[in-house]
Amino acid sequence: METKPLAILSAGGTGGHMFPAQALAEELLLRGWEVKLSTDERGARFTKSFPGAVKIEIVPSATFAKQGLIYKMKVPFLIFLGVFAALKAFWKHRPSIIVGFGGYPTIPALIASIFMRLPRIIHEQNGILGRVNQLFAKNVHLVACGTWPTTIPENIKYEHVGNPVRKEILGRSGSPYIPPGNHPMSILIMGGSQGAKILSNIVPEAIGNLPDELLKYIRVFQQAREEDCQRVKSYYVDKGIACEVLPFFDNIAKHLSEAQLIISRSGASSVADIGVVGRPSILVPLGSAIRDEQTLNAGPLKKVRAATVIAEQNLTVQRLNKAILKILSSPENASKMAANAHKTVVLDATKKLADRVEEISGYSIR
């Protein structure tokens, strides 16, 4: 019996890295591959919706970005342990390819793949290479770009494939949009693990200050940090606004498709999800992003007037309130924004990336 080719997908501990990895895992399993995910403890939080056939491996890794001299002294040792664990696993069951999605937990698998001369790809979701992807870009067979344009150093082989989205999101691709009107309307707020706090501080009041004749139709679904959930929920309840406030929505595809408006950070995966479903949005790029990649991510939606982009330093209750009111009080414009958003995405991004995996690994078993 022929052994299935094995793909190691290595991703850091945020949804922005994990969701494209999940999408590729789903596609490769359909094509008959064996798939393992290599991540850290933070990334493991996002694996609940991964297919059961994907084996999850937690590897030691670390980042120099954390504070504290003692921790920084441990980093090389932790990375070495991770590389050793990866080498041991790869010798036992040699992978056909390694696919890195960014983040420090990808370092051990990528270093091990270089030592063992394995085929390897990195996928960059944002409009500029992250630190780890930048480090390995010249030592992989392909840099697959999610956002276009992406800033790429010279002498690197790259291709724009788009950002893979999960099967549950893709299933809602181009869902009919119900424009704002005199009927129940949903506002979905997606904050991301790093960026939810400022949205929790500003969005509720911006919504709460909408005119009563509009507010009576509003339902809010807001992602917030666990420590902020009760405070945010209490505000809406006191205002008589129907709401659901959670750290993470398991049924995000449903909320995306039912929303009249989405307020979100402009992480690459969030932007891709918004584009695939096709919804008007207000995007607030993460101000602390070192390379300002979230502003680049928002570019395609802004360019076609599918999104209102507000820089974090300019985000106020008054400005956000005005932006929300402008979209919800103009059904025709909101419908145009929804249609334009859907035009910005590569709908077959997952298929394209899986095709490159098979080409570079030399395996195609369909």
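The structure under discussion appears in the preceding block.
Conventions we followed
- Residues numbered from 1 in each chain as written.
- Predicted model: local features only at pLDDT ≥ 70, side-chain atom pairs only at ≥ 80, totals over all residues.
- Heavy atoms only, no water.
- Helix = DSSP H or I, 4+ residues; strand = E, 2+ residues; numbered from the N terminus.
- Rg over C-alpha atoms; globule rule 2.2 N^0.38 Å.
- Contact = heavy atoms within 4.5 Å.
- Areas by Shrake-Rupley, 256 points an atom, 1.4 Å probe, with all protein chains shown as cover.
- Lys, Arg positive; Asp, Glu negative; His and termini not counted.
- Charge placed at Lys NZ, Arg CZ, Asp CG, Glu CD.
- Buried < 20%, exposed > 50% of the residue type's maximum accessible area, 1.4 Å probe, protein only.
- Pairing = 2+ DSSP bridges.
- Right-handed = clockwise from strand over helix to strand, strands pointing away.
- Axes fitted to C-alpha atoms, helices over the stretch in contact; angles between N-to-C directions.
- Parallel < 35°, antiparallel > 145°, perpendicular 65-115°, else oblique.
- Nonpolar A, V, L, I, M, F, W, Y, C, P; charged D, E, K, R; others polar.

A. The arrangement of the overall build of the protein chain in detail. Within the protein chain, the regular secondary structure consists of 15 helices and 13 strands. Against the 2.2 N^0.38 benchmark of 21 Å for 366 residues, the protein chain shows a C-alpha radius of gyration of 21 Å, consistent with a compact globule. By principal-axis analysis of the C-alpha atoms, the protein chain measures approximately 65 × 50 × 40 Å. Intrachain contacts of the protein chain at a sequence separation of at least 6 include 65% that bridge at least 24 residues. Accessible surface, the protein chain as shown: approximately 16,700 Å² in total, 54% of it carbon and sulfur. Looking at the protein chain, you have 44 positive and 30 negative side-chain charges, and the mean spots of the two groups are 3 Å apart.

B. Highlighting the pairing of strand E2 (residues 34–39). Taking burial as the measure, the six residues of E2 include five buried ones, the bulk of the element. Sheet topology places strand E1 (residues 6–10) next to E2; five bridges connect them, and they run parallel. Residue Ser10 lies in a different strand from E2, and its bridge partner there is Ser38. What joins E1 to E2 is helix H1 (residues 15–30), and the crossover it makes is right-handed. As defined by bridge partners, E2 adjoins strand E3 (residues 55–58) across four bridges and the pair is classed as parallel. Bridge assignment links Lys36 to a residue of E3, and that residue is Lys55.

C. How the structure looks around the packing of helix H7 (residues 196–208) against helix H9 (residues 229–238). Packing of H7 against H9 leaves a shortest axis separation of 10 Å and a crossing angle of 0 degrees. The angle between H7 and H9 falls in the class roughly parallel. Residues Lys197, Ser200, Asn201, Val203, Pro204, Glu205, Ile207 and Gly208 of H7 form the contact with H9, whose own contacting residues are Arg231, Val232, Tyr235 and Tyr236. Residue classes in the contact of H7 with H9 are distributed as six nonpolar, three polar and three charged.

By themselves, these observations are geometric and do not establish any function.
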